[in-house]
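These are the residues of each chain, in order.
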Amino acid sequence: MNAPRTMAPPAHPAARSGGPRWRTPGRAAQLWVLTARQIRLVYADRRVVLFSVAQPVVMLLLISQVFGSLADRSILPQGVSYIEFLLPALLVTTGIGTSQSAGVGLVRDMEGGMVRRFRVLPLSLPLVLVARSIADLTRSGMQLLVLVTGGHLLFGYQARGGMGGLVAALLLSTLVIWSLIWVFIALAAWLRKVEVLSSIGFFVNFPLMFASSAFVPVDVLPRWLAAVATVNPVSYAVEASRSLALGGQVGSEVPAALCAALGLMLTMMLLAARGFRRPPDE
């Protein structure tokens, strides 16, 4: 008696041909998806967006009225009003607060478990940081546009350098803000605590903003504060933005600001990527 033969089940057509294979999306597609997610998170709460957009206009009103009423016209460049002196500086300093919120948002993603999910997905982890920086940079861009519009409507601000000079000042300020965003992203990747990051943010933000040439010329500052403002990288960015907006002769401020912003951003990107790759519990 012959033993029964076991018949193998027929192979599925997809199995014979290898079946559909999962292909990891390219880095451009990953960055697009991650950036879209971060933008939705940044603009999820309209109240936060409203207050963050109104913040630069409030700063313009307060600082222009407080410092403007005390400023002596003789300390300003000849023929330049305080609004013309102040607004290009605010283009740079406005992004300091936004840069800190980028770091806080990254820490919250870590604490909420979202970063743990990213680690098990087939994606490039540094792109999570790039998407975070781009999303927060869009909010800073909105703030800059609102600031220029508010200065025009409230004080009749007109850039002496024309539209070309104003656009160049906006682009330069955007690059500087992006480098500051990467500073706080790097701090968040290493510190991983909202409380510690907020405490450090106070000691980073205020010296960068007030120990600079943003609100008054360096020449009228006390000697020790003038020395700090001279080496403050924000002063280079402020002077570059101011010279572009005023349409004056562009000296070494613009190349110095560009080199400082690019160098700082590349350095912080490397540090942030290295810190972000550390295990979650370290």
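Everything quoted here is computed from the prediction, not taken from an experiment.

In this structure, what is going on with the overall build of the protein? I would like to understand it.
Broken down by element type, the protein carries 11 helices and 0 strands. Sequence-ordered secondary structure for the protein, helices as α and strands as β, is α-α-α-α-α-α-α-α-α-α-α. Within the protein, buried positions represent 44% of all 282 residues. Contacts in the protein between residues far apart in sequence, at least 24 positions, make up 80% of those at least 6 positions apart. Surface summary for the protein: the accessible area is close to 15600 Å², and the carbon and sulfur share equals 66%.

Would you mind showing me how to read helix α11 (residues 253-276) here?
For an α-helix, the turn length of 3.6 residues means that residues three or four places apart are oriented alike. Its 24 residues give α11 an end-to-end C-alpha distance of 34 Å, which sits within 8% of 34 Å, the value for a rise of 1.5 Å per residue. All buried positions along α11 are accounted for by V254, A257, A261, M265, M268, A272, A273, G275 and F276. On its buried face, α11 sits against α4 (82-111), α5 (114-119), α6 (126-155), α7 (162-191) and α10 (233-246).

What is the right way to read the environment of P255 from this model?
Along the polypeptide, P255 turns up in helix α11. For P255, a relative accessible area of 41% corresponds to the partly exposed category. Distance in space between the C-alpha atoms of P255 and A237 is 9.6 Å, their sequence separation being 18 residues.

Even after reading the chapter, I still don't get the pattern of salt bridges, so can you show me in this structure?
Where charged atoms from two side chains of opposite charge come close, those side chains can pair. Applying the stated criterion to the full structure yields 7 salt bridges. A salt bridge links E84 to R160; the shortest N-O distance between them is 3.1 Å. Highlighted residues: E84 in helix α4 and R160 in the loop between α6 and α7, separated in sequence by 76 residues. Accessibility expressed as a relative area gives 46% for R160, which makes it partly exposed.

Hey, could you run me through unusual backbone geometry in this one?
In terms of backbone geometry, most residues other than glycine have negative phi values and most peptide bonds are trans. One non-glycine residue, R192, adopts positive backbone phi at about 65°. Mapped onto the secondary structure, R192 falls in the loop between α7 and α8 (194-210). A relative accessible area of 11% means that R192 is categorised as buried.

I tried to follow the nonpolar core on my own but got confused; where do I start?
A general tendency of soluble globular proteins is for nonpolar side chains to be buried together. Membership of the largest hydrophobic core comes to 70 residues, with the highest contact counts inside it found for L91, W182, I185, F215 and F276. Mapped onto this core, the elements with two or more residues apiece are α3 (46-70), α4, α5, α6, α7, α8, α10 and α11. When residues in this core are grouped by element, the largest group, 16 residues, is from α7. If we skip the residues at most four places from it in the chain, L91 touches L144, L147, V148, A169, L170, S173, I177 and S241. One finds A211, L221, L225 and A229 within the second-largest nonpolar core, a separate group that totals 5 residues.

What's the story with α6 in this structure? I'm lost.
In this model α6 runs 43 Å from its N-terminal to its C-terminal C-alpha over 30 residues, within 8% of the 44 Å that 1.5 Å per residue would give. One or two residues past the end of α6 sits G156, with phi positive at roughly 65°.

Looking at this structure, I do not really get the confidence of the model for the protein. What am I missing?
Keep in mind that low pLDDT regions are not for reading the predicted coordinates in detail. Looking at the protein as a whole, the pLDDT averages 83, with 89% of positions reaching at least 70. Between the elements of the protein, mean pLDDT differs from a low of 47, seen in helix α1 (residues 13-16), to a high of 92, seen in α7. For the stretch residues 11-17, pLDDT sits under 50, and the model shows 3 contacts to residues farther than four places along the chain or on other chains.

Looking at this structure, I do not really get the environment of G97. What am I missing?
Mapping G97 onto the fold places it in helix α4. Expressed as a C-alpha distance, the spacing of G97 and Q55, which sit 42 residues apart in the sequence, is 9.7 Å.

Looking at this structure, how should I read the packing of α7 against α10?
Geometrically, a packed helix pair is captured by the angle between its two axes and the distance between the axes. Look at α7 against α10: their axes get within 7 Å of each other, and the N-to-C directions meet at 165°. Comparing their axes, α10 and α7 come out roughly antiparallel. In this structure, the crossing between α7 and α10 has a hand that is left-handed. Two secondary-structure elements touch here, α7 through G165, A168, A169, L172, S173 and V176 and α10 through A237, A240, S241, L244 and A245. Looking at side-chain class alone, the contact of α7 with α10 contains 8 nonpolar, 3 polar and no charged residues.

So, how was this worked out
Residues numbered from 1 in each chain as written. Predicted model: local features only at pLDDT ≥ 70, side-chain atom pairs only at ≥ 80, totals over all residues. Heavy atoms only, no water. Helix = DSSP H or I, 4+ residues; strand = E, 2+ residues; numbered from the N terminus. Buried < 20%, exposed > 50% of the residue type's maximum accessible area, 1.4 Å probe, protein only. Contact = heavy atoms within 4.5 Å. Areas by Shrake-Rupley, 256 points an atom, 1.4 Å probe, with all protein chains shown as cover. Expected span 1.5 Å × (residues − 1). Salt bridge = Lys/Arg side-chain N within 4 Å of Asp/Glu carboxyl O. Core = buried A, V, L, I, M, F, W, Y, C linked by side-chain atoms within 4.5 Å. pLDDT = per-residue confidence, 0-100. Axes fitted to C-alpha atoms, helices over the stretch in contact; angles between N-to-C directions. Parallel < 35°, antiparallel > 145°, perpendicular 65-115°, else oblique. Left-handed = near helix turned anticlockwise from the far one by under 90°. Nonpolar A, V, L, I, M, F, W, Y, C, P; charged D, E, K, R; others polar.

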